[in-house]
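# Structural characterization, general
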Amino acid sequence: MYLPRIEGIRVGHVQKVSLVPGKVHEMKTLSLKPLLFEIPEFLSEEECGVVVRLAQLKGLMESQVMVPEGQEELNQQLNLTPEEIFNFLDLNQDGQLQPHEILTHSRVRDGIWLTSENLKEIYDGLKVDQDGNGLLNLEEFRRLKSDAFQRFLLQRGVERSQLVRNSRHTWLYQGQGAHQVLQDLRKRVTTLTRLPSSLVELSEPLQVVRYEQGGHYHAHHDSGPVYPETACTHTRLAANTTSPFQTSCRYITVLFYLNNVEEGGETTFPVADNRTYEEASLIQNDVDLLDTRKHCDKGNLRVKPIKGTAVFWYNYLSDGRGWVGEQDEYSLHGGCVVTRGTKWVANNWINVDPDYQRQARYQQLVSQQQEQEEIISELNSDQHIERHQDL
Ligand SMILES: O=C(O)CCC(=O)C(=O)O
Ligand SMILES: [Fe+2]
């Protein structure tokens, strides 16, 4: 098995692609880092309507719950000393915690969008940053209880607009027996990405998302970095060991716009085609490029949601040998706040394990299971016929 990658050539390059009989689509390169394309009219008006109605029929749930888990407990279970936590947070190991090191961690952990101003309020309120330089050394850090941030937020009260993600979503199965539009969509995604259909078929179901007016999704990566010990959620079955590190291994994201948004709701790629990627410079005191409520206008690239358009990008680089390589950090993206109207999108993620052998083992396991199921169902139907003959 080998993973073809579509060539971007250069930003603005347009290639014609044949995805459905009797129609030629145009696929435009939007950026090379990440490798990102836009295909207008990927879905017809009718197809967009069907997907939205199926999602409504199934019912949508909040994408994120409001109450974070009790962190004090977790830390006690892990039994970490303040030194250990400090070292873990100090990404660049300079003996000081920069605001971005604290913010990144607390946002991932609690799902609440703490801002630089919140951080300053917490430091001031608890008098932790005595030299007032905005950085915490170990001694200052010791003055912070591990649940200090949560206490602060709970006292304040948290609104949905302060979450990392403020939307509702549902999942739609696309396999045999699913609505024809959903099956067609998956076939079209296979043709578009030129990936083996077995891979696409074993990927996550379609995720349909609805943002109300005021909804947003702050900038994030759809899938995490891979270390030698990282396991993929989808190939858990085929893993020989259990790993504390798990990510969803979403090689490609295909994002569909299902309606026209009255105002706002663009998809932002704040560092697309940047010369460098530096996590530290993303969160500055005055401009936080990850914040899609405040600073969408300052990112490098924004895609306007147009009904029927698809965009797709690679969340991982190639390993140079036809398989998945390292995470592409430039794939950072988010949904800008919807200032007027509602926004409907759908995500098709294509899951590939960077560990080729594990992906292969997983696919083999699934196909064995499917064969067994077929045999059983055949046996059952034979019995069925015999019983009828007996009568
Ligand atoms: O709503 C958007 O434009 C982006 C959605 C997104 O990034 C996601 O659902 O992972
Ligand atoms: Fe995303």
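Residues numbered from 1 in each chain as written. Chains lettered and ligands numbered in written order. Predicted model: local features only at pLDDT ≥ 70, side-chain atom pairs only at ≥ 80, totals over all residues. Heavy atoms only, no water.

The criterion, for reference: UniProt positions are given in the numbering used here, feature names are shortened, and annotations may be inferred rather than shown by experiment.
The chain is annotated in an unreviewed UniProt entry as Transmembrane prolyl 4-hydroxylase-like protein of Labeo rohita. Of the chain, the UniProt comment under Cofactor (unreviewed entry) reads exactly: "L-ascorbate".

## Thoughts on the environment of Val261
For clarity, the cut-off: The way it works is that DSSP assigns letters per residue, a run of H or I at least four long becomes a helix, a run of E at least two long becomes a strand, and they are numbered from the N terminus. Whether two residues are in contact is decided by their heavy atoms, any of which lying within 4.5 Å being enough.
When you line up the elements, Val261 lands in the loop between strand E11 (250-257) and strand E12 (263-264). Sequence separation between Val261 and Thr339 is 78 residues; the distance between their C-alpha atoms is 9.0 Å. With sequence-adjacent residues up to four places away left out, Val261 is seen in contact with Pro305, Val338, Arg340, Thr342 and Lys343.

## Side note on the site of ligand 1
Applicable threshold: The criterion for a residue being near a molecule or strand is simple. One of its heavy atoms has to lie within 4 Å of it. Under this definition, polar contacts are N or O atom pairs within 3.5 Å; protein pairs additionally need one hydrogen-donor-capable and one acceptor-capable atom, and for neighbouring residues in sequence, both atoms have to be side-chain atoms. For the accessible areas, the method is Shrake-Rupley and the probe is 1.4 Å, while residue cover comes only from the protein chains on display. Only Asp, Glu, Lys and Arg are considered charged in this grouping, and only Ala, Val, Leu, Ile, Met, Phe, Trp, Tyr, Cys and Pro are considered nonpolar; every other residue, Gly among them, is considered polar.
If you check the shell around ligand 1, you find Arg165, Tyr211, Tyr217, His220, Asp222, Thr267, His333, Gly335, Lys343, Asn347 and Trp349 and nothing else. Between an oxygen atom of ligand 1 and a side-chain N or O atom of Thr267, the distance comes to 2.6 Å. At a separation of 2.8 Å, an oxygen atom of ligand 1 approaches a polar side-chain atom of Lys343. Across the complex, the protein chains shield 99% of the 290 Å² of accessible surface that ligand 1 would expose by itself. If you list the elements that add at least two residues to the shell around ligand 1, you get strand E8 (216-220), strand E18 (333-335) and strand E20 (343-351). A total of three residues in the shell around ligand 1 trace back to one element, the largest contributor, which is E20. Looking at the shell around ligand 1 residue by residue, the class counts come to three nonpolar, five polar and three charged.

## Here we look at a negative patch on the surface
Just so we agree on the cut-off: Patches draw on residues past 30% relative accessible area with no salt bridge. Two like charges within 9 Å are joined, as are two nonpolar side chains (Val, Leu, Ile, Met, Phe, Trp, Tyr) within 5 Å. For salt bridges, the criterion is a side-chain nitrogen of Lys or Arg within 4 Å of an Asp or Glu carboxyl oxygen. Only four residue types enter the tally: Lys and Arg on the positive side, Asp and Glu on the negative side, with His and both chain ends excluded. Note that the charge is assigned to NZ on lysines, CZ on arginines, CG on aspartates and CD on glutamates.
Side chains of Glu371, Glu373, Glu374 and Glu378 sit close together on the surface and give a patch of like negative charge. Within the secondary structure, Glu371 is located in helix H11 (residues 356-390).

## Quick word on the pairing of strand E1 (residues 14-20)
This is how it is decided: Should DSSP find at least two bridges between two strands, the strands are regarded as paired.
When E1 meets strand E2 (residues 23-31), the two strands line up antiparallel, connected through five bridges. Paired with Lys16 across the bridge in E2 is Glu26. Counted between consecutive antiparallel strands, the loop separating E1 from E2 contains two residues, among which Gly22 sits at a positive phi close to 75°.

## Some words on the coordination of the iron ion (ligand 2)
Basically, it comes down to this: Listed donors are limited to N, O and S atoms within 2.8 Å of the metal, widened to 3.2 Å for Na, K and Ca; water is not among them, so incomplete-looking sites are possible. Exposure classes here rest on a 1.4 Å probe applied to the protein chains alone. A residue is buried below 20% of its type maximum, exposed above 50%, and partly exposed in between.
Protein coordination at the iron ion (ligand 2) comes from His220 (NE2), Asp222 (OD) and His333 (NE2), with a distance range of 2.1 Å. Here the donor residues of the iron ion (ligand 2) share one chain and are spaced in sequence as H-x1-D-x110-H. Of the two residues, His220 sits in strand E8 while His333 sits in strand E18, which places them 113 residues apart along the sequence. Accessibility classification places His220 together with His333 in one group, the buried group.

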